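Structural overview for review
The primary structure of each chain is shown beneath.
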Amino acid sequence: MRFSLWIGMVILMFISCQSDQKETQPTSSTQPEQHEYAIAIHGGAGYMKPGMFSDSLEKAYKAKLKEAVTHGNQRLADGETAVTAVKETLMILEDSPLFNAGKGAVFTHEETNELDASIMDGKTLNAGAVAGVKHVKNPISLAEQVMLNSKHVMLSGKGAEQFAEQQNIEMKDADYFFTEKRFQSLQNAKSADKEQASLLSEDHKFGTVGCVALDQKGHLAAGTSTGGMTNKKFGRIGDSPIIGAGSYANDKTCAVSSTGHGEYFIRGVVAYDISAMMEYRSLDLADATQKVIQEKLKELGGDGGVVALDHYGDVSFEFNTSGMFRAYANDQDELEVGIYQNNNPGDQ
Ligand code: ASP
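None of the values given here were measured: they were computed from a predicted structure.

By size, the foremost hydrophobic cluster in this structure holds 49 residues, and its most contacted members are I39, I41, F99, L142 and F325. By residue number, the principal contributor to this core is helix α3 (residues 82–94), which donates seven residues. Sequence-distant contacts of I41, that is, excluding residues within four places in its chain, are made with L65, A68, V69, T89, L93, G210, C211, V307, F317, F325, R326 and A327. With 34 residues, the next largest nonpolar core counts A127, V256, M277 and M278 among its residues.

In the vicinity of the ligand, 11 residues are found, and the nearest of them are T208, R236, D239, T259 and G260. The side chain of T208 places a nitrogen or oxygen atom 2.9 Å from an oxygen atom of the ligand. Here G260 contributes a backbone N or O atom positioned 2.7 Å from a nitrogen atom of the ligand. Protein contacts shield 100% of the accessible area of the ligand, which totals 270 Å² for the unbound molecule. When the residues that make up the shell around the ligand are grouped by side-chain class, the tally is one nonpolar, eight polar and two charged.

Two elements in contact, helix α2 (residues 55–77) and α3, have axes separated by 9 Å at closest approach and are oriented at 160°. Between α2 and α3, the crossing angle belongs to the class labelled roughly antiparallel. Considering how the two elements wind past one another, α2 and α3 form a crossing that is right-handed. Contacts between α2 and α3 involve K64, E67, A68, V69, H71, G72, R75 and L76 on the former and, on the latter, A82, T84, A85, E88, T89, I92 and L93. Partitioning the contact of α2 with α3 into residue classes produces seven nonpolar, four polar and four charged.

Enumeration according to the criterion identifies 10 aromatic pairs in this entry. A centroid spacing of 6.1 Å and a plane angle of 90° characterise the contact between F99 and F325, whose relative ring orientation is edge-to-face. Here F99, found in the loop between α3 and β2 (115–121), pairs with F325, found in strand β11 (residues 323–330); they are 226 residues apart in sequence, far enough to count as distant. Pair check on accessibility: F99 and F325 agree, each one buried. An aromatic cluster is present here, built from F53, Y61, F99 and F325 joined pairwise through their rings. Over the ring of F317 we find R326; its NZ or CZ atom is 6.0 Å from the centre of that ring.

The next thing to look at is the sheet that holds strand β12 (residues 335–340). Ordered by their spatial adjacency, eight strands build an open sheet running β4-β3-β2-β6-β5-β1-β11-β12, and the pairing between neighbours is mixed. Only two strands of the sheet have a single partner each, and these edge strands are β4 (154–156) and β12. Strand-to-strand twist of the sheet, defined as the mean angle between neighbouring strand axes without regard to direction, takes the value 5°. Where strand β3 (residues 126–133) and β4 come together, three bridges link them in parallel fashion. Bridge pairing in β4 links A131 to S156. Where α2 meets the sheet, its contacts fall on β1 (38–46), β5 (209–214), β11 and β12, and the angle it forms with β12 comes to roughly 145°. Contacts between helix α4 (residues 139–149) and the sheet are confined to β2, β3, β4 and β6 (220–226), with β3 contributing the most and set at about 135° to the helix.

Within the open sheet, the four strands sit side by side as β7-β8-β9-β10. Their pairing is antiparallel. Both outer strands of the open sheet, β7 (247–249) and β10 (315–319), are each paired with one neighbouring strand and no more. Direction aside, neighbouring strands of the sheet carry axes that sit 10° apart on average. Relative to strand β9 (residues 304–310), strand β8 (residues 254–260) is paired through seven bridges, and the arrangement is antiparallel. Bridge pairing in β9 places C254 opposite D310. The strands touched by helix α9 (residues 285–300) are β8, β9 and β10; relative to β10, the strand with the most contacts, the crossing angle is about 15°.

Of all the six residues making up β5, six are buried; the element is thus mostly covered by neighbouring parts of the structure. Side chains of β5 alternate between two faces, with V209, C211 and A213 and G210, V212 and L214 buried alike. Alignment of β1 against β5, held across five bridges, turns out to be antiparallel. Pairing of I39 across the sheet is with A213, part of β5. Relative to β6, β5 runs antiparallel, the two sharing six bridges.

Our focus in this paragraph is the packing of α4 against helix α5 (residues 157–166). Describing two packed helices takes the angle between their axes plus the distance from one axis to the other. Running from N to C, α4 and α5 point in directions that differ by 80°, and their axes come no closer than 10 Å. Judged on the interaxial angle alone, α5 and α4 are roughly perpendicular. Mapping the contact onto sequence places L142, Q145, V146 and N149 in α4 and A160, F163 and A164 in α5. The residue inventory of the contact of α4 with α5, partitioned by class, reads five nonpolar, two polar and no charged.

Each value, and the rule that gives it
- Residues numbered from 1 in each chain as written.
- Predicted model: local features only at pLDDT ≥ 70, side-chain atom pairs only at ≥ 80, totals over all residues.
- Heavy atoms only, no water.
- Core = buried A, V, L, I, M, F, W, Y, C linked by side-chain atoms within 4.5 Å.
- Buried < 20%, exposed > 50% of the residue type's maximum accessible area, 1.4 Å probe, protein only.
- Helix = DSSP H or I, 4+ residues; strand = E, 2+ residues; numbered from the N terminus.
- Contact = heavy atoms within 4.5 Å.
- Near = heavy atom within 4 Å.
- Polar contact = N/O pair within 3.5 Å; in protein donor to acceptor, adjacent residues only side chain to side chain.
- Areas by Shrake-Rupley, 256 points an atom, 1.4 Å probe, with all protein chains shown as cover.
- Nonpolar A, V, L, I, M, F, W, Y, C, P; charged D, E, K, R; others polar.
- Axes fitted to C-alpha atoms, helices over the stretch in contact; angles between N-to-C directions.
- Parallel < 35°, antiparallel > 145°, perpendicular 65-115°, else oblique.
- Left-handed = near helix turned anticlockwise from the far one by under 90°.
- Phe/Tyr/Trp six-rings, centres within 6.5 Å; stacked < 30°, edge-to-face > 60°.
- Lys NZ or Arg CZ within 6 Å of the ring centre and 35° of its normal.
- Pairing = 2+ DSSP bridges.

If you want it as structure tokens, here you go:
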């Protein structure tokens, strides 16, 4: 009896020693590297394949992505806030006719351009958004003004433009937004009535733009800007200006910008869902984005992807289409630019 008690105590001591060892195991080998700052962008997700664009067009896309991400990264290196870096980076993409935002926006059924944008500060959970504006050169800068200088989160249409004028935001006549390529896409979509299938075809000019950034103070921000979907009607608004669907940032978890078929991103509350997976289920960024884009969004029937950044400055480009225009840069001077699925020719 005494002997078996003694054996029992020895076993107990052994078990408790083992579990102590487990708890004190160093975790540093699994901890991701902490970047001082980092930035990532997307220029839209879609069914692009190697060989689909001419060499010169592919080069032009990559050059613009590189210019934008390099600018944002430099601003972060200079000590700028994540919010400013996101805004300025997106303005470069909005000014390019290559992307479906600002100057390159797609056309509505009525042959107008209606622009949507949102921005969110992960430090304060402050946010601003605009929807259906027709004359604002850089909708992302108006979204920032809504966040900083109004009591509201989202303004739309004429009211948003009145506010833009009060804030001295640059306005343009409607013809500034005209590009032959987008107009042709609208004609194609109309003639074949491809409204529903447009994201799956070449006529959907993928090209919504999004940006996420981590600044030197450890704050995250996210922003998204778009012309929406070709041939949209009835004042349709997608996910891009909707906080939690198109953009979300929270210093506790991550910053996310979405692109794809907006109706599904709204229903899936995609950007917030990724953050919630990290906050409530302790998933890391890669697992959270994978779960939401490859499982939950797909089950709903949604096409598209996200760019997301966590507080380590690690990036996730997750998309369930064959491509997503994208780029990443950080404090280590790492620079990545890609279009197709990983390892496809054409990616750098
Ligand atoms: N998400 C955008 C929208 O539905 C379009 C896109 O990202 O391509 O308006």
